[in-house]
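# Geometric and topological summary
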Amino acid sequence: MTDLVLVSRAADFAARCHAGQRRKGSSREPYLNHLAEVAEMLAFATDGGDAALVAAGWLHDSIEDSDTSRDDLVDRFNEDVASLVVECTDDMSLPRAQRKRHQVEHAPHLTPRARMIKLADKISNVRSLIFSPPDEWERERLVDYLDWAIDVAAGCRGVSERLDRLFNETAARARAVL
Ligand code: ZN
């Protein structure tokens with residue numbers, strides 16, 4: 001499979017997995033917008049040099065938020081893409097607070113490319129706090145989310161200078177408006 005086929009196929013499969021899903025934010029963006037944003041950041045961070053990483057960016061929520069399994073990803077893509085997505089998948093059997101704590105503790109132990117996906121994910125999520133916060137979230141909950149995202153991001157730093165810088169800028173902007 002060529003790089004272009006791999007990435008296009010990942011975008012197409014992500015669109016099917018997340019069809020009809022929307023972000024929690026007030027503008028109710030299609031979920032796919034988040035995936036496109038994460039994939040684009042990963043392409044930018046690597047100067048387009050890591051197609052499997054970009055494909056995994058498209059697919060990073062597919063196991064968590066659809067009935068896709070690791071084996072499906074191996075069959076449709078490859079072992080590398082599937083492993084990256086699994087690394088970025090929360091254990092949904094754990095209660096929410098425990099999952100969030102686990103992300104902070106686990107981030108530094110992820111492989112460098114999985115840390116890039118996590119960081120791009122947090123950049124996208126913090127941006128959405130600025131531009132389209134969920135209606136029902138009070139300021140305190142938004143600030144808590146930002147603090148938590150900063151803690152997760154701390155464990156993901158040091159792989160990509162571009163992503164580190166983007167996160168810093170985004171978090172500073174969020175801090176200023178929240
Ligand atoms: Zn995500």
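Per-chain numbering applies: the sequence of each chain, read as written, is numbered from 1 onward. Per-residue local features are limited, in this predicted model, to residues with pLDDT of at least 70; the limit for side-chain atom pairs, both in listing and counting, is 80 or more; totals at the level of whole chains, interfaces and linings are taken over all residues. Excluded from the side-chain calculation are hydrogens and water; included are all heavy atoms of the structure.

So, about the coordination of the zinc ion. On the protein side, the zinc ion has His34 (NE2), His60 (NE2), Asp61 (OD) and Asp121 (OD) as donor atoms, found 2.1 to 2.3 Å from it. Here the zinc ion is ringed by four donor atoms whose angles at the metal span 83 to 174°, and the overall shape comes out irregular. Distances decide who is a donor: an N, O or S atom must be within 2.8 Å of the metal, or within 3.2 Å for Na, K and Ca. Water is not included, so sites may look incomplete. Look at where the donors of the zinc ion fall in the sequence and you get H-x25-H-D-x59-D. In this pair, Asp61 sits in the loop between helix H3 (51-59) and helix H4 (62-65) while Asp121 sits in helix H8 (residues 112-131), placing the two residues 60 residues apart along the sequence. A four-donor site is classed as tetrahedral when every donor-metal-donor angle falls between 85 and 135 degrees; four donors are called square planar, and six octahedral, when trans pairs exceed 155 degrees and all remaining angles lie between 65 and 115, with any other arrangement labelled irregular. Only runs of H or I of at least four residues qualify as helices and only runs of E of at least two qualify as strands under DSSP, and these elements are numbered from the N terminus.

Mapped onto the fold, Arg115 is located in helix H8. C-alpha separation for the pair Arg115 and Val159, spaced 44 residues apart in sequence, amounts to 7.5 Å. A distance of 3.5 Å separates a polar atom in the side chain of Arg115 from the backbone oxygen of Gly155. In the analysis that follows, any N or O atom pair within 3.5 Å is treated as a polar contact, provided that within protein one partner can donate a hydrogen and the other can accept it, and provided that, for residues neighboring in sequence, both atoms belong to side chains.

Time to look at helix H1 (residues 3-17). The end-to-end C-alpha separation of H1 is 21 Å, in line with the 21 Å expected for 15 residues at 1.5 Å each. Only protein chains enter the accessibility calculation, which uses a 1.4 Å probe; a residue whose area is less than 20% of its type maximum is buried, one above 50% is exposed, and one in between is partly exposed. Listed as buried for H1 are Leu6, Ala10, Ala11, Phe13, Ala14 and Cys17. Among the structural elements, helix H2 (31-45), H3, H4, helix H5 (70-76) and helix H6 (79-87) are those in contact with the buried residues of H1. Expected helix span is given by 1.5 Å per residue-to-residue step, counting one fewer step than there are residues. Residue contacts are defined here by distance: any two heavy atoms, one from each residue, within 4.5 Å place the two residues in contact.

This paragraph deals with the packing of aromatic side chains. Only Phe, Tyr and Trp rings are paired, with Trp represented by its six-membered ring, and only when their centres lie within 6.5 Å; those with planes under 30 degrees apart are stacked, over 60 edge-to-face, the remainder tilted. In the structure shown here, the tally under the stated rule is three aromatic pairs. Ring centres 5.3 Å apart and planes at 65° place the aromatic pair Tyr145 and Trp148 in the edge-to-face group. Within this pair, Tyr145 and its partner Trp148 are both found in helix H9 (residues 139-154), separated by three residues, close to a single helical turn. A residue is classified by how much of its surface remains accessible, and Trp148, at 11% relative accessible area, is buried. Site record: aromatic cluster; members linked through ring pairs are Trp137, Tyr145 and Trp148. Only Lys NZ and Arg CZ are tested; either one counts as a charge over a ring when it is within 6 Å of the ring centre and within 35 degrees of the ring normal. Geometry around Tyr31 places Arg23 over its ring, the cationic atom sitting 5.7 Å from the centre. Cation over ring: Arg162 sits above Phe44, and NZ or CZ is 4.6 Å from the ring centre.

This part takes up the nonpolar core. Residue types Ala, Val, Leu, Ile, Met, Phe, Trp, Tyr and Cys, when buried and joined through side-chain atoms within 4.5 Å, form a set referred to as a nonpolar core. Core analysis: the largest hydrophobic core is formed by 55 residues, its most contacted members being Leu42, Trp58, Leu59, Phe77, Val81 and Leu163. Only H1, H2, H3, H6, H8, H9 and helix H10 (161-177) provide two or more residues apiece to this core. The element contributing the most residues to this core is H8, with nine residues. Apart from the residues within four sequence positions on either side, Leu42 is in contact with Leu53, Val54, Gly57, Met116, Ile117, Ala120 and Leu163.

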